[in-house]
Amino acid sequence: MESEQRRKRKHQRVIGRNHILNLPSSRSLFLSFSFFIFFLFLSTNRFSIFYFFNNHSSTFHPSLTPSTLSLFYSSKSNSILDPQATSLRPFTLQHRLHFPDYLLLFLSNHPHKPNELECVYYNNGSAEPDFDVIEVQPVLSTDQYDESRSIARCPFPKNMTAATTVDIRRRGKMGRRNLNQIAKKNQSWDKVAYEAILDRDTVVVFVKGLNLRPHKISDPTSFRCHFGLKGFNKEGAFMLTTKAVSVAQEVVRCLLPKSIRNNPGMARGILISVSHMAGNLRHPVRMLVPSVAKVSNPSDGVKSENGGKYELCVCTMVWNQASALREWIMYHAWLGVGRWFIYDNNSEDDIERVINDLDGQGYNVSRQAWPWIKTQEAGFSHCALRAREECKWVGFFDVDEFFYFPNEFRYRLGQGGGIPGENSLRLMVANLSSSSIAEIRTACHSFGPSGLTMPPKQGVTIGYKCRLQSPERHKSIVRPDLLDISLLNVVHHFQLREGFRSIDMSEGNVVINHYKYQVWETFKAKFFRRVATYVVDWQKDQNKGSKDRAPGLGTEAIEPPNWRLQFCEVWDTGLKDFLVSYFADPVTGLMPWERSSKYGY
């Protein structure tokens, strides 16, 4: 017995020596190093292993996110890795979305510069084993979308057909791609789950194409959310399913699965979609919406100087309005706004540099890439969730709208010191924070071109002085923690939780100067780009009497006669006179937003 044990121990020592002397191959070293780096990333919680189960099985299956694997391996199907160009990061083409004017591509990893990439168009209707390249065009733009994905925009090819597929590659890289290496179908923007964000023990999913009643809360009982990493509509794909608890317009809120409810952070990066019942009562069919949405966390945020929440923040959505940002932010920061959320809806005017410059000056401005067209209400719902952890109040108004306090601004320096009216907006909301009021509504006065034919150099508050007599609509400031779970909002107004109410501010105390009808060249851009989901486009021949239209403009961007003199019923120079008196440089006459501009805005 003892001899048998000695023989076994000797055999094990021989195996051990042979194992030590057997030097590993370069491939083994590479794999070992890769797994070491992989577990290092896991230990930092930067990536997580998620578990999904089949609805027909209770067995759990571990899966890794595709973005994790792409850190170590260049996928032959859709990764770009040039060993001779180490400065170019590899990435994975994950989704394609067909928009009315371009194709939107989702890529893993951080964005490359547009001049590093090109769009390649294939004809996938051929029976040949390889796709035929029919065209190559430069990428229109690239952007960082979230913490793990970037986006690229590709133009339509000259002869776009249903059989055309777009791919993306390093500029100048030649070669053909195998038939199985390119997805055949572009997802349509008309119906897709496009964004998802965690909210405590629920997830809020933003979905295009549900065609629900506008401005109304819908019945959630027929809706479900589906979580998975392997994709949907694939045999053998594992997913979790939960019920919806609220549905309104484009926003679907569902419970988190029980397996991750105690640790919601585990849901980050999971692909999520929504299904709903279709068909008829006798033959109901559950329809799953295509998805590019991955679950994200609200921003960790930037707290105020004392470590608490900002008293007042502002959220807006913009397109090509870099020239307006500096005046708007600097003025309202003086009124007490401490934090800014700018949702950039595909701008092309270098707005990112302006935002970074303002943030560098201490204005606490952040930019959110928001490529989704005609989704202002959904964007505001998304922003309300992001801002809740940082802000007590959040204002939702546009960059051509300026709060004006007629009574406060009438005081002189000798009646209290400092510039009269400073922090008026912050003090207004702070005085209502302990009440049952959850929304403050302020009326808007719409200004016209005021006789100008060129944009005013000193800003809209100085240049436009003539307006319509009667106010049009209101804009709101809300308490984000007191909004209804549906996040329903209409024209900048939110549905509130039961038991809370809104208040209309007196025009004598505060009003919004809305520089709505500016010089024709500026207004024409607004004609082409309406961001609100449920507001009719001016180019469509419907609802011509709507207040959302410019009276007498029609459906074409043709300058009406005497545009520069229209919308002028009352000369109102109150805000202009105040700013010139207190803010203009006494020597040069320049306004603060002129003096601080580095980029000519």
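The model shown is predicted, which means the values in this text are computed figures rather than measured ones. (Residues numbered from 1 in each chain as written. Predicted model: local features only at pLDDT ≥ 70, side-chain atom pairs only at ≥ 80, totals over all residues. Heavy atoms only, no water.)

A.B. asks: Honestly, the overall build of the protein in this entry has me stumped. Any pointers?
C.D. replies: When its secondary structure is counted, the protein shows 12 helices and 32 strands. Considering the protein as a whole, with its 601 residues, one finds that 49% of them fall into the buried category. In the protein, once contacts between residues fewer than 6 apart in sequence are set aside, the share between residues at least 24 apart is 72%. With an accessible surface of roughly 29,800 Å², the protein has 51% of that area assigned to carbon and sulfur atoms. (Helix = DSSP H or I, 4+ residues; strand = E, 2+ residues; numbered from the N terminus. Buried < 20%, exposed > 50% of the residue type's maximum accessible area, 1.4 Å probe, protein only. Contact = heavy atoms within 4.5 Å. Areas by Shrake-Rupley, 256 points an atom, 1.4 Å probe, with all protein chains shown as cover.)

A.B. asks: Teacher, can you tell me more about the packing of helix H5 (residues 322-334) against helix H6 (residues 351-360) here?
C.D. replies: The relative placement of two packed helices is expressed as an angle between their axes plus a distance between the axes. Their axes nearest at 9 Å, the elements H5 and H6 cross at an angle of 20°. In terms of orientation, H5 and H6 fall into the roughly parallel class. Of the two elements, H5 crosses H6, and the hand of that crossing is right-handed. Of the residues in H6, those touching H5 at Ala322, Leu325, Arg326, Ile329 and Met330 are Ile351, Val354, Ile355, Asp357 and Leu358. The residue makeup of the contact of H5 with H6, split by class, is eight nonpolar, no polar and two charged. (Axes fitted to C-alpha atoms, helices over the stretch in contact; angles between N-to-C directions. Parallel < 35°, antiparallel > 145°, perpendicular 65-115°, else oblique. Left-handed = near helix turned anticlockwise from the far one by under 90°. Nonpolar A, V, L, I, M, F, W, Y, C, P; charged D, E, K, R; others polar.)

A.B. asks: Just checking my understanding: could you explain a nonpolar patch on the surface for this structure?
C.D. replies: A cluster of nonpolar side chains, Val245, Leu255 and Ile485, forms an exposed patch at the surface whose accessible area comes to about 210 Å². Mapping Leu255 onto the fold places it in strand S16 (residues 251-255). Accessibility expressed as a relative area gives 31% for Leu255, which makes it partly exposed. (Patch = residues over 30% accessible without salt bridge, like charges linked within 9 Å, V, L, I, M, F, W, Y side chains within 5 Å. Salt bridge = Lys/Arg side-chain N within 4 Å of Asp/Glu carboxyl O.)

A.B. asks: Looking at this structure, how should I read H6?
C.D. replies: One turn of an α-helix holds 3.6 residues; hence residues three or four places apart share an orientation. Taken together, the buried positions of H6 are occupied by Ile351, Val354, Ile355, Asp357 and Leu358. Projected down its long axis, H6 carries its buried residues within an arc of 160°, all on one side. Of the surrounding secondary structure, the elements contacted by the buried residues of H6 are strand S20 (310-318), H5, strand S21 (339-344) and strand S22 (365-369). Downstream of H6 by a residue or two, Gly362 has a phi angle that is positive, lying close to 95°. (Arc of directions from axis to C-beta.)

A.B. asks: Honestly, the nonpolar core in this entry has me stumped. Any pointers?
C.D. replies: The nonpolar side chains of soluble globular proteins are, as a tendency, buried together. Ranked by size, the top nonpolar core spans 52 residues in total, and within it Leu325 and Trp328 carry the most contacts. In terms of residue count, H5 provides more of this core than any other element does, seven residues in total. Core analysis: the second largest hydrophobic core is formed by 40 residues, Val292, Trp372, Leu482 and Leu487 among them. (Core = buried A, V, L, I, M, F, W, Y, C linked by side-chain atoms within 4.5 Å.)

A.B. asks: What am I meant to see in the sheet that holds strand S5 (residues 117-123) here?
C.D. replies: Within a beta sheet, neighbouring strands are joined by backbone hydrogen bonds and run either parallel or antiparallel to one another. Across the sheet, three strands lie side by side as S6-S5-S9; this open sheet has antiparallel pairing. In the strand order of this sheet, the two ends are held by strand S6 (132-138) and strand S9 (164-170), each with one partner. Here the strands of the sheet are splayed against their neighbours by 30° on average, with no regard to which way each runs. Bridge analysis of S5 against S9 gives seven bridges, and the strand direction is antiparallel. Looking at S9, one finds that Glu118 is bridged to Arg169. (Pairing = 2+ DSSP bridges.)

A.B. asks: I would appreciate a short explanation of the confidence of the model for the protein in the present structure.
C.D. replies: Low pLDDT means the predicted coordinates in that region are not meant to be read closely. This prediction gives the protein a mean pLDDT of 79; 72% of its residues lie at or above 70. Low pLDDT, under 50, characterises residues 1-87; the stretch is placed with 83 contacts to residues that sit more than four places away or in other chains. (pLDDT = per-residue confidence, 0-100.)

A.B. asks: Help me out: how do you make sense of the side chain of Arg253 in this one?
C.D. replies: Mapped onto the elements of the fold, Arg253 is located in strand S16. Side-chain polar atoms of Arg253 contact the side chain of Thr202, separated by 2.9 Å. Side-chain polar atoms of Arg253 contact the backbone oxygen of Ile485, separated by 2.9 Å. Leaving out residues up to four positions away in the same chain, Arg253 has contacts with Asp199, Thr202, Val203, Val204, Ala244, Val245, Ser246, Leu385, Ile485 and Leu487. (Polar contact = N/O pair within 3.5 Å; in protein donor to acceptor, adjacent residues only side chain to side chain.)

A.B. asks: Before we go on, may I ask you to explain the pairing of strand S17 (residues 271-279) in this structure?
C.D. replies: Across a regular strand the side chains alternate sides, sitting on one face of the sheet and then on the other. Across five bridges, strand S14 (residues 224-228) lies against S17 in antiparallel orientation. For His226, the partnering residue across the bridge sits in S17 and is Ser273. Here five bridges tie S17 to strand S18 (residues 284-288), and the two strands are oriented antiparallel to one another. Opposite His276, over in S18, you have Met287 as the bridge partner. Hairpin connection of S17 to S18: four residues between the antiparallel strands.

A.B. asks: Quick question: what am I supposed to make of helix H7 (residues 376-387) here?
C.D. replies: Between its terminal C-alpha atoms H7 stretches 16 Å, which fits the 16 Å expected from 12 residues at 1.5 Å a residue. Within H7, 12 of the 12 residues are buried, which leaves the element mostly enclosed by the surrounding structure. Listed in full, the buried residues belonging to H7 are Gln376, Glu377, Ala378, Gly379, Phe380, Ser381, His382, Cys383, Ala384, Leu385, Arg386 and Ala387. (Expected span 1.5 Å × (residues − 1).)

A.B. asks: Can you help me understand the environment of Trp563 in this one?
C.D. replies: Within the fold, Trp563 resides in the loop between helix H10 (520-528) and strand S32 (570-571). For the pair Trp563 and Leu452, spaced 111 residues apart in the sequence, the C-alpha separation amounts to 9.3 Å. Here Trp563 is in contact with Pro449, Tyr517, Gln518, Val519, Trp520 and Phe523, once residues within four sequence places are set aside.

A.B. asks: I'm lost on the packing of aromatic side chains in this one. Help?
C.D. replies: Summed over all chains, the structure comprises 38 aromatic pairs. On the basis of an interplanar angle of 35° and a centroid distance of 6.4 Å, the ring pair of Tyr331 and Trp334 is categorised as tilted. Here Tyr331 and its partner Trp334 are both found in helix H5, three residues apart, which amounts to about one turn of the helix. Of the two residues, Tyr331 and Trp334, neither departs from the other in class, the shared state being buried. An aromatic cluster of at least three residues, connected via ring pairs, comprises Tyr331, Trp334, Phe402, Tyr404, Phe405, Phe409, Phe447, Tyr464, Tyr515, Phe578, Tyr582 and Phe583. Cation over ring: Arg339 sits above Phe341, and NZ or CZ is 4.3 Å from the ring centre. (Phe/Tyr/Trp six-rings, centres within 6.5 Å; stacked < 30°, edge-to-face > 60°. Lys NZ or Arg CZ within 6 Å of the ring centre and 35° of its normal.)

A.B. asks: Whenever I open this one, the state of the cysteines confuses me. Can you help?
C.D. replies: Here, disulfide denotes a covalent bond that connects the sulfur atoms of two cysteines. Enumeration according to the criterion identifies five disulfides in this entry. In this model Cys313 forms its disulfide with Cys391; the gap between the sulfur atoms is 2.0 Å. On the sign convention where negative is left-handed, the bridge of Cys313 and Cys391, at about -95° about the S-S bond, is left-handed. With Cys313 in strand S20 and Cys391 in strand S23 (residues 391-396), the pair connects residues that are 78 residues apart, well separated along the chain. Cys315 shares a disulfide with Cys383; S-S distance 2.5 Å. Between Cys315 and Cys383, the S-S dihedral sits near 135°, and the bridge is therefore right-handed. Taken as a pair, Cys315 in strand S20 and Cys383 in helix H7 lie far apart in primary sequence, 68 residues in all. (Disulfide = S-S within 2.5 Å.)

A.B. asks: What's the story with the pattern of salt bridges in this structure? I'm lost.
C.D. replies: Applying the stated criterion across every chain, the model contains 22 salt bridges. Arg367 is the partner of Asp143 in a salt bridge, and the nearest nitrogen-oxygen pair spans 2.4 Å. Highlighted residues: Asp143 in strand S7 (residues 141-144) and Arg367 in strand S22, separated in sequence by 224 residues. Since its relative accessible area comes to 10%, Asp143 is described here as buried. Lys524 is paired through a salt bridge with Glu521; the nearest N and O atoms lie 3.7 Å apart. In this pair, Lys524 and Glu521 are both assigned in helix H10, three residues apart and thus about one turn of the helix distant. Exposure remark for Lys524: the relative accessible area of 26% places this residue in the partly exposed category. Where salt bridges share partners, they join Asp199, Arg200, Arg253, Arg388 and Glu389 into one cluster.

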